[in-house]
Amino acid sequence: MSKLKRKYSNGVRSSSFFIWLRQRSTIAFIMCVPLLLIVIGLVAYPFLYSIFLSTLNKAETEFVGIGNYLFLFKRETFWLVVKQSIIFALVAVFFKALIGFIAAHSINTIPSKGQRKWRGALLIPWVIPPALSTLGWWWLFEPTYSALNWILTEFALPTIPWLSETFWARFAVILVNVWFGAPFFLIMYLAALKSIPEHLYEAASIDGASSIQKLFHITLPMMRNIIAITVLFSIIVTFANFDIVRVLTQGGPLNTTHLFSTYAFRVGIESGDIPLGASVSLFMFPILAILAFIILRNVRERALNS
Amino acid sequence: MKKLISKSGLHSNRKWALYTSYGFLIAFVIFFLFPPYFMLVTSLKSNTEIAELATNPWIIEHGVTFEHYWSLLSETSFLTFFRNTVVVTLLVVAITMVVSVLAAYSLSRLKFWGSGILATGIFLTYLVPETLLFIPLFKIVGWLGLLNSYWVLVLVYPTLSIPFCTWIMIGYFSSIPKELDEAALIDGANHIQMLLKVFIPVAMPGLIAATIFAFTVSWAGFLYPLAFIYSESEMVLTVGTVTTLIKGDVFHWGGLMAGALLASAPPVILYAFLMDYYIAGLTSGATKG
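Residues numbered from 1 in each chain as written. Chains lettered and ligands numbered in written order. Predicted model: local features only at pLDDT ≥ 70, side-chain atom pairs only at ≥ 80, totals over all residues. Heavy atoms only, no water.

To continue, consider the environment of Leu153(B). Residue and element names in this part refer to chain B. Inspection of the secondary structure puts Leu153 in helix H7 (residues 151-174). A C-alpha to C-alpha distance of 9.4 Å links Leu153 and Ile229, two positions 76 residues apart in sequence. Leaving out residues up to four positions away in the same chain, Leu153 has contacts with Val88, Val92, Pro158, Tyr224, Pro225, Ile229 and Val236. (Helix = DSSP H or I, 4+ residues; strand = E, 2+ residues; numbered from the N terminus. Contact = heavy atoms within 4.5 Å.)

Residues and elements named next belong to chain A. Scanning the entire structure with this criterion turns up 57 aromatic pairs over all chains. On the basis of an interplanar angle of 85 degrees and a centroid distance of 5.2 Å, the ring pair of Phe94 and Phe95 is categorised as edge-to-face. For Phe95, a relative accessible area of 38% gives the class partly exposed. (Phe/Tyr/Trp six-rings, centres within 6.5 Å; stacked < 30°, edge-to-face > 60°. Buried < 20%, exposed > 50% of the residue type's maximum accessible area, 1.4 Å probe, protein only.)

On to the domain arrangement of chain A. Residues and elements named next belong to chain A. When its domains are assigned, chain A resolves into domain 1 (16-53) and domain 2 (72-305). Taking only C-alpha atoms into account, the centre of domain 1 sits 35 Å from that of domain 2. Each partner contributes to the interface: domain 1 provides 4 residues, whereas domain 2 provides 5 residues. Summed over both sides, the interface between domain 1 and domain 2 buries roughly 400 Å², with carbon and sulfur atoms accounting for 80% of that surface. The largest share of the area that domain 1 buries against domain 2 comes from Phe47, Ser50 and Leu53, three residues that together contribute 91% of it. Counting every contact that joins domain 1 to domain 2 gives 0 salt bridges. At the junction of domain 1 and domain 2, the tally comes to 0 residue pairs in polar contact (both at pLDDT 80 or more). When grouped by side-chain class, the residues that make up the side of domain 1 that touches domain 2 number 3 nonpolar, 1 polar and no charged. (Domains from an automatic or database assignment. Buried area = accessible area lost by both parts, 1.4 Å probe. Salt bridge = Lys/Arg side-chain N within 4 Å of Asp/Glu carboxyl O. Polar contact = N/O pair within 3.5 Å; in protein donor to acceptor, adjacent residues only side chain to side chain. Nonpolar A, V, L, I, M, F, W, Y, C, P; charged D, E, K, R; others polar.)

All names here are of chain B. Axis separation between helix H4 (residues 78-110) and helix H10 (residues 204-220) bottoms out at 9 Å; the angle between their running directions is 140 degrees. By the angle class used here, H4 and H10 are oblique. Of the two elements, H4 crosses H10, and the hand of that crossing is right-handed. Counted together, Phe82, Thr85, Val86, Val88, Thr89, Val92, Val93, Thr96, Met97 and Val101 of H4 and Leu207, Ala210, Thr211, Ala214, Phe215, Ser218 and Trp219 of H10 form the full contact between these two elements. Classifying every residue of the contact of H4 with H10 gives 12 nonpolar, 5 polar and no charged. (Axes fitted to C-alpha atoms, helices over the stretch in contact; angles between N-to-C directions. Parallel < 35°, antiparallel > 145°, perpendicular 65-115°, else oblique. Left-handed = near helix turned anticlockwise from the far one by under 90°.)

The next thing to look at is the pattern of salt bridges. Residue and element names in this part refer to chain A. This model, assessed by the stated rule, comprises 5 salt bridges over all chains. Among the ionic pairs, Arg246 bridges to Glu270, the shortest N-O distance being 2.9 Å. Remark: Glu270 occurs in helix H14 (residues 260-270) and Arg246 occurs in helix H13 (residues 243-248); sequence separation between them is 24 residues. Judged by relative accessible area, Arg246 falls into the buried class, the value being 11%. Arg266 serves as the salt-bridge partner of Glu270, at 2.9 Å between the closest nitrogen and oxygen.

Listed per partner, the contact involves 99 residues of chain B and 99 residues of chain A. Considering only the surface of chain B that becomes buried against chain A, Phe32(B), Leu132(B) and Ile135(B) emerge as the three largest contributors, covering 8% of it. Run the count over chain B and chain A and you get 3 salt bridges. Taken together, chain B and chain A are joined by 9 residue pairs in polar contact (both at pLDDT 80 or more). Taken together, the residues that form the side of chain B that touches chain A break down as 74 nonpolar, 19 polar and 6 charged.

Turning next to the packing of H4(B) against H7(B). Residue and element names in this part refer to chain B. Between H4 and H7, whose axes approach to 7 Å, the crossing angle comes to 35 degrees. The element H4 and its partner H7 pack so that their crossing is right-handed. Among the residues forming the contact of H4 with H7, the class breakdown is 20 nonpolar, 6 polar and 1 charged.

Moving on to the side chain of Thr241(B). Mapped onto the elements, Thr241(B) comes out in helix H12 (residues 237-244). If we ignore the near neighbours within four places in the chain, the residues touching Thr241(B) are Leu132(A), Leu135(A), Phe78(B), Phe81(B), Ile246(B), Leu256(B), Gly259(B), Ala260(B) and Ala263(B).

Take the nonpolar core next. By size, the foremost hydrophobic cluster in this structure holds 203 residues, and its most contacted members are Trp137(A), Phe141(A), Phe173(B), Tyr224(B) and Phe228(B). No other element matches the 18 residues that helix H10 (residues 166-194) of chain A contributes to this core. Sequence-distant contacts of Phe228(B), defined by excluding residues within four places in its chain, comprise Phe134(B), Leu137(B), Phe138(B), Val141(B), Leu147(B), Asn148(B), Ser149(B), Val152(B) and Val156(B). (Core = buried A, V, L, I, M, F, W, Y, C linked by side-chain atoms within 4.5 Å.)

Here the second largest pocket is characterised by a volume of approximately 1200 Å³. In terms of lining residues, the second largest pocket is bounded by 31 residues, among which His105(A), Thr109(A), Ser211(A), Lys214(A) and Ala17(B) are the most central. For the lining of the second largest pocket, the elements supplying multiple residues, two or more each, are helix H5 (76-109), H10, helix H11 (198-206) and helix H12 (211-239) of chain A together with helix H1 (2-43) of chain B. When residues of the lining of the second largest pocket are assigned to their parent elements, the largest contribution, 9 residues, is made by H1(B). Per-class residue counts for the lining of the second largest pocket are 15 nonpolar, 11 polar and 5 charged. (1 Å grid on protein atoms, 1.4 Å probe; cavity = no way out; pocket = protein on both sides within 12 Å on 5 of 7 lines; lining within 4 Å. Points joined across faces, edges and corners; volume = space filled by probe spheres on them.)

Written out as structure tokens, the structure reads:
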């Protein structure tokens, strides 16, 4: 109380309530300055600069307008990249969501004292830096020594040309992405499952509902929101993935596993055509923007509801 | 009688659910753990055994050897990569935490003109993938003279870590009751004191989660160092392991796997101890809204 009195007897500080208010917002703004500098200088500015770059020729000396984009539209490789990025993102996210859900549901079913151990074991792929774990997969797929093919041979099955045939190379990059990303779904779903009130299940049991009915009438409806957000978020991350394809196939065979990011890297950094590379990666933007918009609306709705 | 039947039906139903659950979990554990297991097995085998086609690749038949680990540490630049990664990661974590804690405190408590828009903007920035920006950043870090130096990572990694860390810290700070800071203000605490003495201690779990996130982003980053760094002496673990250890016509699989495993060890150990904090931080958005 005495401190409060001292505060208000201090002429400078108490001269006006509004000065204090202004000071408060000034302090607030100053605290955000480092963040603003980083977001404006290293995210917003590079993004706008990227748009500008994409309108230049390879030597960056001449303005070519949408020339780079038109050039890409005529390239067969570019359409391969579009197709593969969409297949990759949708198939991988579907299986990540499915495996994540089954795993989360299984962990939630077993007695709670064992749950932590299983969860810990199942999270390991997600903890290893993907560029490094993909090296392990690369070795598993190695044409001569492939340990996976060794198993197939033991069962008298034909061996698989993992990384040299288009279908199997696409299969391989999706497999590794599912392996790496499914644990993320597992933890998100597990948290959501734990938040479903137990009494809903008890009431359903009394009414004689089977576990399948409980799954479709309680679990899934209660988790609709979190499933939507996790899937949308994962589509963004998967669509923009780089590490796995880069380490495993480098876009091969014959550019059939390239994603936007690896193709942009090939064109922009390795072949030195920075404007064309910028154009390739900017093609991701409309899709990412739409997904981000939906996620934001979802998050806002949830914030309002709670 | 009827009750009895339904009860035993329920019982077998539950048992069946339990068995399927364990079945799935065992299948998933095999699927999720066989690649790291195979990496470990390879890293402990002699080169002659790795090159043998007849033996079972999944087990070690001719004895365990640590030669790949020794040559990795003595004959390659692995320790340089390690040192560079540690320097980059520590700095990125420090920068991230200072910037995001200050911003989160401001955005969750003080509010100013445009702070609502800024909070939304931060969330959107979190959704911007690195693959969208590496080409313009390549030009920009070139102007700054940072190309081919690991300091470039200290500059660019915070763009990936700060948005999410700020976002979770806003969540944790907002859940602190307002009465607590009113009490502190009445006691004459200024904002910095309040942040250090009230907010940071109370939101410690969130702080730990954010730190782990920043650590992970920085330790596992691959695209930026691959695009911006060429000299072996400046490389970090991910890029160094992937690019320098696989040079030459003969792949040194044992050494490569040893390198990948050693480079992954710090995050794996960190997660083993702090997993619960990280999961709580990550899912707080999911369960709290």
